[in-house]
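Each chain, written out:
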Amino acid sequence: MTIARFASARLLAASLALAAAGAQAQDTLKIGEINSYKALPQNLVPYRNGWLLAQDEINAAGGLLGRRMETVFRDDNANPGDAVRTAEELLTREKVEVISGVTLSHVGLALTDFAKQKKAFFLATGPLSDKVVWDNGNRYTYRLRSGTYALSASVVPEAAKLKKKRWALIYPNYEYGQAAVAAFKENLKKLQPDVEFVAEQAPPLGKVDAGAVVQAIADAKPDAIFNVLFGSDLTKLAREGKNRGLFEGREVVSLLTGEPEYLDPLKDDAPAGWIVTGYPYANIDTPEHKAFLAAYQKKYNDYPRLNSVVGYASAKALAAGIQKAGSTDTEKLIAAFKGLEFGSPFGPVVFRPQDNQSTLGIFVGRTAVKDGKGVMPAGTYVDGSRLQPPEEQIRKMRNPS
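Residues numbered from 1 in each chain as written. Predicted model: local features only at pLDDT ≥ 70, side-chain atom pairs only at ≥ 80, totals over all residues. Heavy atoms only, no water.

Student: Give me the lowdown on the pairing of strand β9 (residues 251-258), citing residues and values where you can.
Tutor: Where burial is concerned, most of β9 is hidden: seven out of the eight residues are buried. Bridging between strand β8 (residues 224-227) and β9 involves four bridges; their strand directions are parallel. From the neighbouring strand, Phe226 faces β9, where its bridge partner is Val253. In the classification by handedness, the crossover that spans β8, the intervening helix α8 (residues 231-244) and the parallel β9 is right-handed. Sheet topology note: the β9/strand β10 (residues 275-278) ladder contains three bridges and is parallel. When the sheet's bridge partners are listed, Val253 is paired in β10 with Ile275. (Buried < 20%, exposed > 50% of the residue type's maximum accessible area, 1.4 Å probe, protein only. Helix = DSSP H or I, 4+ residues; strand = E, 2+ residues; numbered from the N terminus. Pairing = 2+ DSSP bridges. Right-handed = clockwise from strand over helix to strand, strands pointing away.)

Student: Help me get a handle on the environment of Gly126, residues and values and all.
Tutor: Tracing the chain through its elements places Gly126 in the loop between β4 (122-124) and β5 (141-143). Taking the C-alpha atoms as reference points, Gly126 and Gly147, separated by 21 residues in sequence, lie 8.3 Å from one another. Excluding residues within four positions of it along the chain, Gly126 makes contact with Gly101, Val102, Thr103 and Arg145. (Contact = heavy atoms within 4.5 Å.)

Student: Which residues make up the pattern of salt bridges, and what values go with them?
Tutor: Counted under the stated rule, the structure contains 25 salt bridges. The partner of Asp264 in a salt bridge is Arg305, with the nearest N and O atoms 3.8 Å apart. Of the two residues, Asp264 sits in the loop between α9 (260-263) and β10 while Arg305 sits in the loop between α10 (287-300) and α11 (306-325), which places them 41 residues apart along the sequence. Each member of the pair Asp264 and Arg305 is classed as buried. Notably, a salt bridge pairs Arg352 with Asp355, separated by 3.0 Å at the nearest N-O pair. Considered together, Arg352 and Asp355 belong to a single accessibility category, that of buried residues. Sharing partners across several salt bridges, the network here consists of Asp264, Asp302, Arg305 and Lys373. (Salt bridge = Lys/Arg side-chain N within 4 Å of Asp/Glu carboxyl O.)

Student: Please set out the sheet that holds strand β2 (residues 68-75) residue by residue, giving values where relevant.
Tutor: A sheet is described by the order of its strands in space; here five strands give the open sequence β2-β1-β3-β4-β5, paired in parallel fashion. Of all strands in the sheet, those with a lone pairing partner are β2 and β5, marking the two edges. Recorded for the sheet is a direction-independent mean angle of 25 degrees between the axes of neighbouring strands. Its contacts with the sheet place helix α3 (residues 80-92) against β1 (28-35), β2 and β3 (98-101), and it is angled at close to 175 degrees to β1. (Axes fitted to C-alpha atoms, helices over the stretch in contact; angles between N-to-C directions.)

Student: So, unusual backbone geometry: which residues are in play, and what are the values?
Tutor: Backbone phi values are negative for most residues with the exception of glycine, while trans is the configuration of most peptide bonds. Here Lys95, not a glycine, exhibits a phi torsion of approximately 60 degrees, which is positive. Inspection of the secondary structure assignment puts Lys95 in the loop between α3 and β3. With a relative accessible area of 56%, Lys95 lands in the exposed category.

Student: Break down helix α5 (residues 148-161) for me, with residues and values.
Tutor: The axis of α5 is deflected most strongly, by about 30 degrees, at Val155, and proline Pro157 appears within four residues downstream. Across the 14 residues that make up α5, a large majority, eleven, are buried. Here α5 has its buried residues at Thr148, Tyr149, Ala150, Leu151, Ser152, Ala153, Ser154, Val155, Val156, Ala159 and Ala160. Along its buried surface, α5 packs onto β6 (166-170), α6 (175-191), β8, β9, β10 and β13 (362-366). Among the residues trailing α5, Lys163 stands out with phi positive, at a value near 55 degrees. (Bend = angle between axes of the 7 residues up to and from the residue.)

Student: Describe the packing of α3 against helix α4 (residues 105-118), naming the residues involved and giving the relevant values.
Tutor: In the contact formed by α3 and α4, the axes pass within 9 Å of each other and the chain directions differ by 40 degrees. Taken together, α3 and α4 sit at an angle that is classed as oblique. Here α3 and α4 pass one another in a crossing that is right-handed. In this structure, α3 uses Pro80, Ala83, Val84, Ala87, Glu88 and Leu91 to contact α4, whose residues at the interface are His106, Val107, Ala110, Leu111, Phe114 and Lys118. Its residues assigned to classes, the contact of α3 with α4 comprises nine nonpolar, one polar and two charged. (Parallel < 35°, antiparallel > 145°, perpendicular 65-115°, else oblique. Left-handed = near helix turned anticlockwise from the far one by under 90°. Nonpolar A, V, L, I, M, F, W, Y, C, P; charged D, E, K, R; others polar.)

This is the structure we're talking about:
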């Protein structure tokens, strides 16, 4: 073979390889998923498992727009600046077509602003701050999980039924805790005008002095307690309160505590009889959830956590929106997600046109201890559409004069 023919053959081979690579890339629809995987493994290992289960089902059914769904997972280091840099890299280097994710609220707010600046579609899957869709909300950002206001509103009817007048409040001293307590006060006063809030303890996140908090609450002699602590702070509060008898003869209403992510670490120190939001996965008797539970257990040989549902539903929501839009073009996705309905393990969910918030709901029930382990044996599902402020209030928050 002459040198010219050899060079020509190599050039042809390289061209064919590039063409094949291009065809393979076109056969894949890439989603960029950003989250605090290293900082919150107890939440985000189940979340990723749920997401990948949904992705398997989506691809088995033909993928998205004739292409296989592929997710590029990246860690945000629980840092807003890192999250923004990662989002930029995913869009420019990895060529993802949609950005999604986030659990921590301050990171979610940073990516909400990034989406607005870059005119990029962003599905915020789990940040609880309502500023993501209200005060700082924009047309490019949608949120899947119900936020702080809805969480507090979901337990207020049960709190009011207790007919307890003197309440103590315990919450982490940052936006999530402050907003949760404000919403609880606002909504409980509507149902029980004579209620009194006799004590407030607001320790820094992750730095609760449980002994001091328990003593201060006990000194106030409340009839009932509203708690918003979670994670390691909840573990310390529950154990110290149990040791000192704080919860004896007192009702406790507690956000997030019924989620397996937070009950499991408590083991037999888990509280019994608290009114909580959570996930009674073993006793949700609907076809949608039974199918999800069976598929999850088959794939992972483990039970799902609430974040498993969030991850699974997030991937399904994106798939439904992309299929409806017939494209990953930002403007077409924005139009498709307005009023989009999709299926979830909790049943049908809709993205509200007025604020881009989904109606994924919340389970409310009581905790118990079984076989040395905290559980939420049952719960009543409250649809997210029933847990939002009046629309006029939302319009003012999204479009302040």
